[in-house]
Amino acid sequence: MSSEDKASEIIKRRWNRTAWYYDYLMAFMDRVGVRKGRRLLWSRVESSHVLEIGVGTGNNFPYYPPDAEMTAIDFSEGMLKRAKNRASRHKVKVDLRQMDVQNMKFADNTFNTVASTLVFCSVPDPVRGIKEVARVCKPGGKVILLENDFNSVPIISWLAKLANPLAVRMIGADFTRHPMDNVASSGLAVERVTSLRRGLWKLIEARKV
Ligand SMILES: C[S@@+](CC[C@H](N)C(=O)[O-])C[C@H]1O[C@@H](n2cnc3c(N)ncnc32)[C@H](O)[C@@H]1O
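Right, let's walk through the structure included here. (Residues numbered from 1 in each chain as written. Predicted model: local features only at pLDDT ≥ 70, side-chain atom pairs only at ≥ 80, totals over all residues.)

**Some points on the site of the ligand**
- Taken together, 22 residues are adjacent to the ligand, and Trp-15, Gly-54, Gly-56, Ser-76 and Thr-117 come closest.
- Elements with a minimum of two residues in the shell around the ligand: α1 (3–43) and β2 (69–74).
- A per-class count over the shell around the ligand returns eleven nonpolar, nine polar and two charged. (Near = placed C-beta within 6 Å. Helix = DSSP H or I, 4+ residues; strand = E, 2+ residues; numbered from the N terminus. Nonpolar A, V, L, I, M, F, W, Y, C, P; charged D, E, K, R; others polar.)

**Structural notes on the sheet that holds strand β4 (residues 111–117)**
- The seven strands are arranged β3-β2-β1-β4-β5-β7-β6 in an open sheet whose pairing can be described as mixed. The open sheet has two edge strands with one neighbour each: β3 (95–98) and β6 (189–196). For this sheet the average axis-to-axis angle between neighbouring strands, irrespective of direction, equals 15 degrees.
- Examined bridge by bridge, β2 and β3 share four bridges and lie parallel to one another. In the sheet register, Ile-73 faces β3, and the bridge partner there is Arg-97.
- Strands β4, β5 (137–148), β6 and β7 (201–207) of the sheet are contacted by α1, whose axis makes an angle of about 15 degrees with β7. (Pairing = 2+ DSSP bridges. Axes fitted to C-alpha atoms, helices over the stretch in contact; angles between N-to-C directions. Contact = placed C-beta atoms within 7 Å.)

**Side note on the pairing of β5**
- The buried fraction of β5 amounts to nine of the twelve residues, a majority that puts the element mostly inside the structure.
- Sheet topology places β4 next to β5; six bridges connect them, and they run parallel. Of the residues in β5, the one forming a bridge with Thr-113 is Lys-142.
- Taken together, β4, helix α3 (residues 126–136) and β5 constitute a β-α-β crossover, and its handedness is right-handed.
- For β5 and β7, the ladder comprises seven bridges, and the chain directions are antiparallel. The residue bridging Leu-146 from the neighbouring strand is Leu-203, located in β7. (Buried ≥ 20, exposed ≤ 12 C-beta atoms within 10 Å, placed from the backbone. Right-handed = clockwise from strand over helix to strand, strands pointing away.)

**Structural notes on α1**
- Taking 1.5 Å as the rise per residue, α1 with 41 residues should run 60 Å; its terminal C-alpha atoms sit only 38 Å apart, a clear shortfall.
- In α1, a bend of some 80 degrees at Asp-30 exceeds every other bend along the element.
- Where α1 is concerned, the buried positions are Ser-8, Ile-11, Lys-12, Trp-15, Thr-18, Val-34, Gly-37, Arg-38, Leu-41 and Trp-42. (Expected span 1.5 Å × (residues − 1). Bend = angle between axes of the 7 residues up to and from the residue.)

**Let's talk about the pairing of β7**
- Along β7, five of the seven residues are buried, which leaves the element largely enclosed by surrounding structure.
- Between the end of β6 and the start of β7, which pair antiparallel, lie four residues, with Arg-197 showing a positive phi angle near 50 degrees.

**What to know about the nonpolar core**
- Within the largest apolar cluster, 45 residues are counted, with the highest numbers of intra-cluster contacts made by Ile-53, Val-114, Val-133, Cys-137, Val-143 and Leu-145.
- Among all residues touching Cys-137, those that are not within four sequence positions of it are Phe-111, Val-114, Val-143 and Lys-208. (Core = buried A, V, L, I, M, F, W, Y, C linked by C-beta atoms within 7 Å.)

**Considerations on the packing of α1 against helix α2 (residues 77–89)**
- Following both chains from N to C, one finds α1 and α2 inclined at 35 degrees, their axes separated by 7 Å at the closest point. Each of Trp-15, Asn-16, Ala-19 and Tyr-22 in α1 lies in contact with α2, whose residues at this interface are Glu-77, Gly-78, Met-79 and Arg-82.
- In the contact of α1 with α2, the residues fall into four nonpolar, two polar and two charged.

Structure follows, in structure tokens:
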């Protein structure tokens with residue numbers, strides 16, 4: 001196993017371990033700004049064939065565009081199992097697959113839009129992951145990411161740095177990342193950035209040129 005695969009295995013295990021209480025954490029996060037970001041993100045999705053990266057337990061299901069053909073991936077079987085249960089309980093039509101965003105099995109140029117919420121803080125190599133997103137997106141297609149950007153408010157940045165070793169160890173999320181830099185390094189053309197809650201969350205809309 002390569003060192004990259006080992007890093008992914010470790011983070012995946014942390015998400016498997018987190019799955020049972022994830023929705024309690026998210027209930028709080030949704031209340032402090034994330035829900036607004038989800039609504040905005042899904043209202044800006046374009047066209048019919050859409051891929052969601054890092055579906056988690058399926059918190060975005062209520063916002064999926066009704067006419068879209070949805071596919072969603074996650075590398076954690078624990079999170080995916082909950083997403084499958086939620087999809088069947090709420091009759092959500094989505095093709096759920098276990099995959100690592102850094103190495104997806106989809107052909108080049110498959111999807112019109114690729115979307116994700118709060119994912120690239122956990123992906124071991126976020127630039128590699130976003131480059132994969134660009135690969136599977138059709139030319140002219142849209143990539144739309146809601147990401148934490150805790151560096152944008154000094155006190156939160158300080159707290160995030162303090163809590164980060166625990167966050168990485170518990171849930172595999174690194175709160176000190178710079179999402180805008182990672183998207184810029186992936187070769188996608190950023191078209192619009194919407195700041196939520198003083199920029200703590202960024203909705204990044206980009207295009208594959
Ligand atoms: C913070 S949760 C976000 C879940 C969901 N998008 C939401 O907004 O509630 C991060 C999710 O990304 C998934 N994830 C992290 N790294 C991944 C990777 N390399 N490939 C696929 N999924 C990944 C985790 O398993 C987890 O379900």
